[in-house]
Amino acid sequence: MTIARAVLYLFLIIVVTAARADSPPVLIGIDAEFGVVGSTSAQAIRLGAQIAVDEINAAGGVLGGRPLALVDKDDRSVPARFIKNLQDFAADPAVVAVLCGKYSPVVVEAIPEIHQLKLPLLDPWAAADPITAHDFRPNYIFRLSLRDTWAMQVMIRHAERRDVRKIGLLVPNTEWGRSNLKAAETLDQTDPRFAIVDTQWFNWGDASLSEQYQILKKAGADGVIFVSKEREGIVFVKEIAALPQEQRLPIFAAWGITGGNFFAGAGSALRDVDLAVVQTYSFIGADNPVAERVIQAARRHGIDGPRRIQSPVGVAHAYDLIHILARAIQIAGSTDRSAIRDALERVTDYAGLVKTYPQPFTPDRHDALSLQEVFMARYAEDGAIVRIDAD
């Protein structure tokens, strides 16, 4: 970005801000795991949302010139804190919707409260199937992210291409782990090409996963589907790397490990482990105008190019969700939350970052993405997450 363009950008922001000094902002909450040590997921969601907000405000805002603004709260991945923060957001009439973070158990526990509050929740990461597959109507939760069912299908399909047919599951003793197990068992019953030989559980904070891994090996697994966040992911990778090479099974990982300092924490051990991870978006190689615009905005936030964008799915999903929300606010013609909820189901023809959405949400479908967007990736030597089929 040239100095002249940077000056022009700052000038436009100042002019727009001054012109709207008397227009009260429309607030969007973000409640995520900002206080979790090593987190990059909450920060990525915040970055994607801020880039979208800046674009919308520079183009005139919403509702005849009102700017959007973000308000952050930290749930530290604790469900009770998340629920309390939602209650605080709901008490502020200027808040029209809230973005959540990556932890599925936090969101699942809050589903009843979200609908009691009638507060639209936008989900840019948490993947447990029940988050959108519940019986509350009207549904106030809108997800632009994975479903565990899709992630499991893609991990197993990738394993089959690798000629890995006997799968061991290593999953956390949480709602997220149970959601993944249910998805895997459903596929096991319908796809004769593979078999789940055993399932092993672990708890957040466990200092070792070696015993569970060895049990899976003894059960005959020739590959492991691993569902975890970054802390336990680091432990597991280091333990696998320490084994003799012939004892290291390929690992097919859910994307929770990409929401923190996994690459730095795993260090050189990652080079000695055959690990692939689920993703839905990559800035690497993206050359469409929306991607180029977001990458340039990321540079203004101090990020040196697409390979340095951490937790890229969080950035991309939050960016698209904010633009969809802004369109819904315009359709609703007000900041009434129920009207905005209804309008989110009527947004059409949004050419976004992850894809073009003919209709992101409908009354019967509150997942904006699909299986088609899901792929497997790996960590490159510089820590960038790269599509495997693009190598």
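Predicted model, so just to flag it, every value in this text is computed and none were measured.

A. Representation of unusual backbone geometry. At the junction of R137 and P138, the peptide bond is cis and its omega measures out at 0 degrees in the coordinates. Residue position: P138 is located in the loop between β4 (121–123) and β5 (141–143). The backbone of D163 sits at a positive phi, close to 65 degrees, despite the residue not being glycine. Checked against the element boundaries, D163 lands in the loop between α5 (148–161) and β6 (166–172). On the basis of relative accessible area, D163 is assigned to the exposed category, the value being 54%. A positive phi angle, close to 45 degrees, is found at S311, a residue other than glycine.

B. Here's a closer look at the layout of surface pockets. The space that makes up the second largest pocket amounts to roughly 320 Å³. Lining the second largest pocket are 22 residues, and of these R307, I309, Q310, G383 and A384 lie nearest its centre. Residue contributions to the lining of the second largest pocket peak at three residues, all from helix α9 (residues 262–266). In the lining of the second largest pocket, the residues fall into eleven nonpolar, eight polar and three charged.

C. Here's a closer look at the environment of L321. Within the fold, L321 resides in helix α11 (residues 312–332). On the basis of relative accessibility, which here comes to 1%, the residue L321 falls in the buried class. L321 sits 273 residues away from G48 along the chain, and the two C-alpha atoms are 9.2 Å apart. If sequence neighbours within four positions are ignored, L321 has contacts with L122, D123, P124, L144 and F361.

D. Seen up close, the pairing of strand β8 (residues 223–226). Of the two faces of β8, the one lined by G223 and I225 and the one lined by V224 and F226 are each fully buried. Where β6 lies against β8, four bridges are found, and the strand directions are parallel. Its bridge partner being in β8, G168 is matched across the sheet by V224. Both β8 and strand β9 (residues 251–253) contribute to a ladder of three bridges, which runs parallel. By the bridge assignment for β9, V224 is matched with I251.

E. Quick peek at the packing of aromatic side chains. For the coordinates displayed, the defined rule picks out eleven aromatic pairs. Pairing F202 with F226 gives two aromatic rings, centres 6.1 Å apart and planes at 35 degrees, and the pair type is tilted. Of this pair, F202 sits in strand β7 (residues 195–202) while F226 is found in strand β8, placing the two residues 24 residues apart along the sequence. Ring pairing ties together the aromatic residues W176, F202, W204, Y213, F226 and F236, which thus form one cluster. For the cation-ring pair, R341 lies above Y140, with the distance from its terminal atom to the ring centre recorded as 5.8 Å. If you follow R387 out to its NZ or CZ, it ends over the ring of F375, 3.9 Å from the centre.

F. Highlighting the packing of α5 against helix α6 (residues 175–190). Look at α5 against α6: their axes get within 9 Å of each other, and the N-to-C directions meet at 55 degrees. On the basis of their axis angle, the class for α5 and α6 is oblique. Like other packed secondary-structure pairs, α5 and α6 cross with a definite hand, here right-handed. Counting all contacts with α5, which are made through D148, T149, M152, Q153, M155 and I156, the residues of α6 involved are W176, S179, N180, A183, A184 and L187.

G. Examining the sheet that holds strand β3 (residues 95–99) more closely. With respect to topology, five strands assemble into an open sheet ordered β2-β1-β3-β4-β5, the strand pairing being parallel. Every other strand in the sheet has two partners, leaving β2 (68–74) and β5 as the edge strands with one partner each. For this sheet, the mean angle separating the axes of adjacent strands, direction not counted, is 25 degrees. Relative to β5, β4 runs parallel, the two being bridged by three bridges. For L121, the partnering residue across the bridge sits in β5 and is I141. Along the sheet, helix α2 (residues 41–58) contacts β1 (26–32), β2 and β3; its crossing angle with β2, the most-contacted strand, is approximately 165 degrees.

H. How the structure looks around the sheet that holds strand β14 (residues 385–387). If you trace the seven strands from one edge of the open sheet to the other, you get β7-β6-β8-β9-β10-β13-β14, paired in mixed fashion. With one partner strand each, in any of the chains shown, β7 and β14 form the two edges of the open sheet. With strand direction ignored, the average angle separating the axes of adjacent strands in the sheet is 30 degrees. Two strands pair when backbone bridges link them, and β6 and β7 are joined in this way by seven bridges, in the parallel orientation. Note that in β7 the partner of K166 across the bridge is A195. On top of the sheet, helix α7 (residues 210–218) reaches β6, β7 and β8; it is set at about 165 degrees to β7, its chief contact. Along the sheet, helix α8 (residues 230–241) makes contact with β6, β7, β8, β9 and β10 (275–279), crossing β8 at roughly 165 degrees.

Rules of the game
Residues numbered from 1 in each chain as written. Predicted model: local features only at pLDDT ≥ 70, side-chain atom pairs only at ≥ 80, totals over all residues. Heavy atoms only, no water. Helix = DSSP H or I, 4+ residues; strand = E, 2+ residues; numbered from the N terminus. Buried < 20%, exposed > 50% of the residue type's maximum accessible area, 1.4 Å probe, protein only. 1 Å grid on protein atoms, 1.4 Å probe; cavity = no way out; pocket = protein on both sides within 12 Å on 5 of 7 lines; lining within 4 Å. Points joined across faces, edges and corners; volume = space filled by probe spheres on them. Nonpolar A, V, L, I, M, F, W, Y, C, P; charged D, E, K, R; others polar. Contact = heavy atoms within 4.5 Å. Pairing = 2+ DSSP bridges. Phe/Tyr/Trp six-rings, centres within 6.5 Å; stacked < 30°, edge-to-face > 60°. Lys NZ or Arg CZ within 6 Å of the ring centre and 35° of its normal. Axes fitted to C-alpha atoms, helices over the stretch in contact; angles between N-to-C directions. Parallel < 35°, antiparallel > 145°, perpendicular 65-115°, else oblique. Left-handed = near helix turned anticlockwise from the far one by under 90°.

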